[in-house]
Amino acid sequence: MRTPPLLLAGTILSLALVAGPALSQSAGEPVETRAPNGEGQTPAFENQTRAPQPAATVKIKAEVVADDLPQLWAMELLPDGRMLVTAKEGEIHIVTAGSGGTTEVDGVPEVASAGQGGLLDVALAPDFEQSRLIYFSFSEPRDDGNGTSVASAKLVEESDGAALEDVKVIFRQSPSYNNSKHFGSRLAFGPDNMLYVTVGERSDRNTRVHAQDLDSGFGKVFRIDASGKAPADNPFVGRNDAQAEIWSYGHRNLQSAAIDSQGRLWTVEHGPKGGDELNRPEAGKNYGWPVISYGVEYSGGPLGDGITAADGMEQPVYYWDPVIGPSGMAFYEGDAIPEWKGAVLIGGLVAQGVVVLHLEGDRVKFEEHVPLEARIRDVKVGPDGSIYAVTESRGGGGSSILKLTKA
Ligand SMILES: [Ca+2]
């Protein structure tokens, strides 16, 4: 069992001191002040990008509750308040905030951890307290390359440690492909106990076009039951030319997903240079990639025909140009920060903080940022309304978990 030292706590960062130089914190103006990459592109409707900041932004304090952890990818709060975390290199740990204790969970299967691959998201089964079942996604090494897979397992704890038992791979994104990019992925259970699985389109020009193909698993949101099967009410069930597990398509690389208070799925995906998107994926709809997108190629030049809208393709609810680098997402339904009730919280790798979107109906009204001077890989809300942000330090160890509360 590995027990890394934990440097704790009581470390209070004053956020007033860490606001980034590119960020304007003035009410009524957008956070983003830099020029967009997508020259001449215009939003499809008001506040589809660069929404104003609210009249008063919430002052937040950040406290380090766990430190010196391996490079983390995801976090879930267990019912007893401990944290279940995934580490990219292929480890699961149980972390006790404040006490310095971590327990490594044995029995994690081998992962392909090169590049963007590794052990990715984790979710508790809706009946976790009885079943002790967890679900996790990972880039799976396969004979014909690799791909994002989802496994279920029972989390068993005894006095001398913790382990996964009865590990079953319940779903495999197919086809496989041999690179180390755009695996997604997030897992989110809907109120009907169906599991949404988001993946990527494997990035390369020859793979990303298949985000538009219903017989390919690249660039999709899937909806499966607890055993990995497509439920009968999925949109493409019964078609010979489509994978029955597909919920929505035309996505790029989705690393944020959460369910709102009405039980609906929302996602944020990594776009091209200037094209990160918030979407509310609906059954059977096409979200456009790589045919329509905001922004430009990272390698330079326009994307495809350089168009941002087309018939039969959904507009994002919101987009960012330049990008925020989205990873992790939660809806704020706590009472501790009333100003944020119903808001979307998104981890920002590039934004180096938490991006907060205030919604009105299904559109964005305000955007504010909580700068944290760290790449934020995941974000979760605790039962007391505190927010937990998982930092990512590139190139190995050094992840921390920050607890955010109203100052
Ligand atoms: Ca799109």
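Everything below is about the structure printed above this text.
Just so we're clear, the structure is a prediction, and the values are computed from it rather than from any experiment. (Residues numbered from 1 in each chain as written. Predicted model: local features only at pLDDT ≥ 70, side-chain atom pairs only at ≥ 80, totals over all residues.)

Caption draft 1: Structural detail: the nonpolar core. Membership of the largest hydrophobic core comes to 98 residues, with the highest contact counts inside it found for Leu 345, Val 354, Val 379 and Ala 389. The biggest single contributor to this core is strand S2 (residues 60-69), with 6 residues. The residues contacting Leu 345, other than those within four sequence positions of it, are Met 329, Ala 330, Tyr 332, Val 354, Val 356, Val 379 and Ile 387. (Core = buried A, V, L, I, M, F, W, Y, C linked by C-beta atoms within 7 Å. Buried ≥ 20, exposed ≤ 12 C-beta atoms within 10 Å, placed from the backbone. Helix = DSSP H or I, 4+ residues; strand = E, 2+ residues; numbered from the N terminus. Contact = placed C-beta atoms within 7 Å.)

Caption draft 2: Representation of the environment of Ser 113 within the structure. Residue position: Ser 113 is located in the loop between strand S6 (102-106) and strand S7 (119-124). Look at Ser 113 and you get partly exposed, because 18 C-beta atoms sit within 10 Å. Residues Ser 113 and Asn 286, spaced 173 residues apart in sequence, show a C-alpha to C-alpha distance of 30 Å. If we ignore the near neighbours within four places in the chain, the residues touching Ser 113 are Lys 88, Glu 89, Gly 90 and Gly 118.

Caption draft 3: Geometry of the sheet that holds strand S11 (residues 186-189). In space, the 4 strands of this open sheet follow the order S11-S12-S13-S14, with antiparallel pairing throughout. Every interior strand has two partners, whereas the edge strands, S11 and strand S14 (246-249), have only one. Each neighbouring strand pair of the sheet contributes to a mean axis angle of 20°, computed without reference to strand direction. Inspection of the sheet shows strand S13 (residues 220-224) paired to S14 by 3 bridges, in the antiparallel sense. Across the sheet, Phe 222 pairs through a bridge with Ile 246, a residue of S14. (Pairing = 2+ DSSP bridges. Axes fitted to C-alpha atoms, helices over the stretch in contact; angles between N-to-C directions.)

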